[in-house]
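# Coordinates in review
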Amino acid sequence: MAKRIDVSDLNVYYGDFKAVEDVTMTIEPRSVTAFIGSSGCGKSTFLRTLNRMHEVTPGARVQGKVMLDNLDVYDPSVDPVAVRREIGMVFQRANPFPTMSIYDNVIAGAKLNNQRMSKRRADEIVERSLRDANLWEEVKDRLHKPGAGLSGGQQQRLCIARATAVEPAVLLMDEPCSALDPISTLAIEDLIAKLKENYTIVIVTHNMQQAARVSDRTAFFNLAGTGQPGRLIEMGDTNKIFTKPDQKETENYITGRFG
Amino acid sequence: MTTTDSSTTAEVPKGRRRLGDIAFANTARGAGLLILAILAGVAIFLVVQSLSSLTANEANFFTSTEWSPESGPGDAVRFGVASLAFGTVLAAAIALVLATPVAIGIALFIVYYAPRRLAALLGYLVDLLAAIPSVVYGLWGLVYLVDQLQPIYRFLAAYLGWIPLFAGPVSTTGRTMLSAGIVLAVMILPIITAMSRDVFAQVPQAHREAALALGATRWEMIRTAVLPFGRPGVIGGAMLGMGRALGETMAVAMILSPSIAISFNLLQSGNQTIAAHIALQYPEATGTGVSALIAIGLVLFAITLVVNMAARFVVSRRKEFTE
Amino acid sequence: MTTTTQRTASGSSGEGPRTENQGFYTRQLPKYFPAALLAICAVVVSAVFALLGAFHPVPVAVVAALLYLVAITVSSAVIENSRRAKDRLVTGIVYCCFAIAVVPLVSLLSTVVVYGLERFNLYFLSVSMNGVIPSMDAGGVYHAIVGTLVITGLATLISVPIGLMTAIYVVEYGRGRLKQAITFFVDVMTGIPSIVAGLFVVALWMMVFGPGQTNGLAGAVALSVLMIPVVVRSSEEMLRLVPNELREASYALGVPKWLTIVKVVLPTAVAGLTTGIILALARVIGETAPLILTAGMASTRIQANPLDGDMMTLPVFIYQQVGNLGLSAEAGAYAEERAWAAALTLILVVMLLFLTARLVSRFFSPNSRG
C-alpha cells in the first residue's frame, strides 16, 4: 500500500510571490517524516503541494516534479482528484462534516463520490477505519449521532479514520495536534506510530518534542529572510537532526537559538 | 516490481477534467450570464417599446408637463415627464427628510441605549415594518392615516402658512404630497435603520473606550467616536432608502389624488410620481399610451439607478476604509 | 465620616475622605428622576388639555414629550452640569425616535387587525368574487389566494435555480471580470423599482405575444426579476459562511469540486439558504404594482392556469377593492371591509413565512442537530 514520494526542484508560487524554493527530498514509505521549522517558512504550503491541495487556493502554482512511486503527480494528464484519493490529508483543525453522522463521516470518501457499496461492506470499512483510528470503542454505540458532538481529540481521530477509509497510500498531516490538549495529542501520536505500518506518513508540526517522538526522519525548513521564499535546510534521520545536525541553522533552531 | 508499477498507473486514472465538473461549472456561469442578459433585456425592451411614443411625441419629453399620449381625432400626441419626475423626487425628498433623523435615533437606541434583550426584539420589529406589503401601507394611509393627519395639516396651514410649502387652504381629502411622503418615510425607515445599525455596531470598541476613558458622557462618546465613523454608512443607507422611495408605487398611487402638475404646496393635491402614474394609467392605456408609460418608466429606472449606484459607492468606500 | 453618604444630590461636603476625593462626588440626579419627571409631565399636560376640553392622546403625547425634554435638560443643567444636561437631552430624543417608530407599526397592525376581523372568516377565505357585484354583501379571496400561490410558486421555481446557481458561481467559481460584473449588476437589479420590472414584462410580452396579453406567467416572470437578486445576495452570504475547511476535507478525500459543492457545501448551508429563499418570497408576495401590469386586475374567478388570462392575487385584490371605495355608500363599505380582510390575510401570510424562516434557521442548522 504505502508508496514513496520523490520531490525534485520544487518551487511553489502564490501569484508572483515565491513561497517555497528548490526543494528536493525523498519521503520513504512505511515511515513517519516530520517537517519542522518556524511559522511561515512554507512547510505547510509544501505539504499541500504533495497532493495538489494548493491548487484550491487561487493563484497558487508549482514548478518541479513530484513522483508518487512512478506516477508523475504534476503530469498534465493526471487528474488532481485522483491524486488526492491516493494521498489523504488530515488538517490542523478537526473538520468532520457537520451534516453527517459519525458513520457517514467515515465513509464520506465513498459516499461523496457516489460510489455504491453494500451495507455490509460499508459496515466493515467503518469498523476497520475506526479501529485503526483507536476510536471504535468510544463511538461504537453512537455511530449515527453527529460527528460534531465528539470532543476535539475524538473529532481529529474521526478525521483520520475518514482519511484512511479511502485506503490512500500516503497520509499528510498538517499540524494535527496543534488544537488539542496533551492527552488527546498523546492518543494521536500513538495512532501515528501504529498507522506507519501501513502508510507513508508526513506530519507538519510546530512541536519539536512531538517530531522527535513520532518521526523516523525530519526535514527542517527555514526562511532566508523576511519576504524570501522558504527552503529545505536539512533532512535526515530524526536522531541525527536532533543530536548533531549538519547545518548551524538547524542546530540553532533545535536548541532554541533563532536566526 | 514491474507488476506493482503497472497497477499503480492503473489506480490513478489519468485524464481530462471530469464531465460533472465541467457541466456544473458551466451551469453556474450560465446562471450568472442569464442575470446579465435579463438586465440587458430590461434596458433594451424598455427602450425599444418606448420608441413609438417618443417619435410621435410633439412636445418635449423632458420639459413638458402635459399628458395626452394617445392620439385621437384632432388630438396630437403630447406628453412629458417633467412634472412626474418633479413629484417623484419631491415625495422621496420628504420621506428622506422625515425618516433619516428618526432612523439614526432608532439605530442609536438599538445599539447603545436599549437593554440587550429589548434591542434584539426592536431589531425584529423594525424588520417587521419592512416586511409589510406596500399595498397595505397604501390602504392604511388612505383609509385611516389621512383622516388622522387632517388636524395637523390645519395646524400647519394656520400657523406656518407663510411658508409656501404649507400654504392653505388644506386639501379636504388629506390625500396630499405630505401624506404620501409620511407613509413613504415609514416605509423606508427600516432600510435606513438597518444600515445605520450595522455601521454603529461596527464602531471599533477601542474608539469608543478611548472616548469614555477620557471622561466623555455617552452622548460625547457617540458624537466623537460613533457618528464620524458611521457617517458614510448612514448616508449610504439613506440613499438606498431614497432609491426605494423613488420607485415605490402602490402607497403613493393609493394616497395621492390623481392629477398631474408641478406644485410646491404639500398640503394640496397636485403632484404625482412616475411610478404611481404608471400604475394608475396603465389599465386604461393603449398603443402609444402604453409606450409613453414605458418611456417614463425608463426615466424612473435611470433615476433610481443613479441614486443606488451612488449609495453603493458611498458604502463600498467605507468598506475599503475600514478593511 | 460615614462612607454610605455617597452620590447624593446634596452638595454639602464632609471631612476626611470626602474632602480629599471632592472631585468624585458630583451632584447627580437620582436614577428614578427621568421616569418620575416624565410621569409628572404627562399628568400635567393631560390635565391642562382636559381643562381646556381638548383632550386627545396624540397632541398630549407630543406636548408631554417636548415638555419632558425641556424639563430634564433644565433640571440637569441646574443640578448637574451642562455636559450631563446635553447627554440627558440626547437620551430623551433617542427614546422619542424609538417611540415614533413604534407608533406607525402599532397603528397599522391594530387597524388592519381590528377592521380586518370584521370580514375575516372561513367564508371569506373559501369563496371567490365570481358573480359578486359590488353592492352584494358577499364574496371572498379564495381566487386571489390561489393566484398568489400559483404566481409566487412559479416565481420561486424560476428564481431559486437561477439565483442559487449564480451565487454558487460567484462564491465557488467566479474570478476576475465576469465575477465583478455579475456582483455589480446584481446590485443594480436589487434597485429596480417593482413597477419597472412590471413594465419590462409588459414590453417583453408585447414583443412575443402581441399587446394586451396579461396572465399569471407574466406576473411570475415580473416577480422573478425582483426575487432573483434577493436570492443571489442571501445565498452568497450563506455559502460564504460554510467553512473552507469542509471544502478542503472533501477535496482531500478525492471528491471532485462539483460533488463537493452539491454534497458538502449545499447541505451545510441548507438552513440558511432556505431561510433566505423564504424571506425573498415574503418580500415579493406583497408586490402589487408589477402584477397590475402583467397579471391584470379583472379576474374574479378561481383559476390555477397561469396561461389563461388575468389572474387575481391578494395584493391586487386589495387594490381592486380600494378602487371600489368611491361607489355607492353600501358597495363602498363592503369593498372597504373586503380590502381590510384581504390585508389581514396577506399580513398573516407574510408573518407565517417569517415565522417559518425563523423556525427553519433555528431547527435545521447543522450545529443544533441531535
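Residues numbered from 1 in each chain as written. Chains lettered and ligands numbered in written order. Predicted model: local features only at pLDDT ≥ 70, side-chain atom pairs only at ≥ 80, totals over all residues. Heavy atoms only, no water.

## Remarks on unusual backbone geometry
Apart from glycine, the bulk of residues carry a negative phi angle, and the bulk of peptide bonds sit in the trans form. All names here are of chain A. Using the following cut-off: Here a helix means four or more residues in a row that DSSP labels H or I, a strand means two or more in a row labelled E, and each is numbered from the N terminus. Burial classes: relative accessible area under 20% of the type maximum marks a residue as buried, over 50% as exposed, and values in between as partly exposed (1.4 Å probe, protein chains only).
The backbone phi angle of D69 is positive, close to 50°, even though this residue is not glycine. Relative to the helices and strands, D69 is located in the loop between β4 (60–68) and β5 (71–72). For D69, a relative accessible area of 31% corresponds to the partly exposed category.

## A short note on the nonpolar core
Put simply, the rule reads: In this text, buried Ala, Val, Leu, Ile, Met, Phe, Trp, Tyr and Cys residues form a nonpolar core when linked through side-chain atoms within 4.5 Å. For the purposes of this description, domain bounds are those given by an automatic or database domain assignment. In this analysis, two residues are considered to be in contact whenever any of their non-hydrogen atoms come within 4.5 Å of each other.
Formed by 245 residues in total, the largest nonpolar core has its most connected members in M25(A), F35(A), V136(B), Y137(B), I168(C) and I318(C). Taken domain by domain, this core gets at least three of its residues from each of domain 1 (27–116) and domain 2 (125–368) of chain C. Residues in contact with M25(A), not counting those within four places in the same chain, are I5(A), D6(A), V7(A), F35(A), F46(A), A219(A), F221(A), L232(A) and M235(A). The next biggest cluster of nonpolar side chains, apart from the first, holds 42 residues, and it includes I201(A), M208(A), V214(A) and I254(A).

## Focus: the interface of chain B and chain C
Spelled out, the test is: Accessible-area loss on putting two parts together, using a 1.4 Å probe and summing over both, is the definition of buried area adopted here. Think of a salt bridge as a Lys or Arg side-chain nitrogen and an Asp or Glu carboxyl oxygen that are within 4 Å of each other. By the criterion applied in these results, polar contacts are pairs of N or O atoms within 3.5 Å in which, for protein atoms, one can donate a hydrogen and the other can accept it, and in which residues neighboring in sequence qualify only through two side-chain atoms. Only Asp, Glu, Lys and Arg are considered charged in this grouping, and only Ala, Val, Leu, Ile, Met, Phe, Trp, Tyr, Cys and Pro are considered nonpolar; every other residue, Gly among them, is considered polar.
With 76 residues of chain B at the interface, the matching set in chain C holds 77 residues. Summed over both sides, the interface between chain B and chain C buries roughly 7,000 Å², with carbon and sulfur atoms accounting for 83% of that surface. Here chain B and chain C share 2 salt bridges between them. Residues D187(C) and R312(B) are paired through a salt bridge, measuring 3.7 Å at the closest nitrogen-oxygen approach. Between the two partners, chain B and chain C, sit 8 residue pairs in polar contact (both at pLDDT 80 or more). With 21 residues, helix α2 (residues 19–56) of chain B is the largest single contributor of residues to the side of chain B that touches chain C. Considering only residue class, the side of chain B that touches chain C consists of 55 nonpolar, 13 polar and 8 charged.

## Some remarks on the side chain of T217(B)
In this structure, T217(B) sits in the loop between α7 (205–213) and α8 (218–247). Residue contacts for T217(B): discarding those within four places in its chain leaves R83(C) and D87(C).

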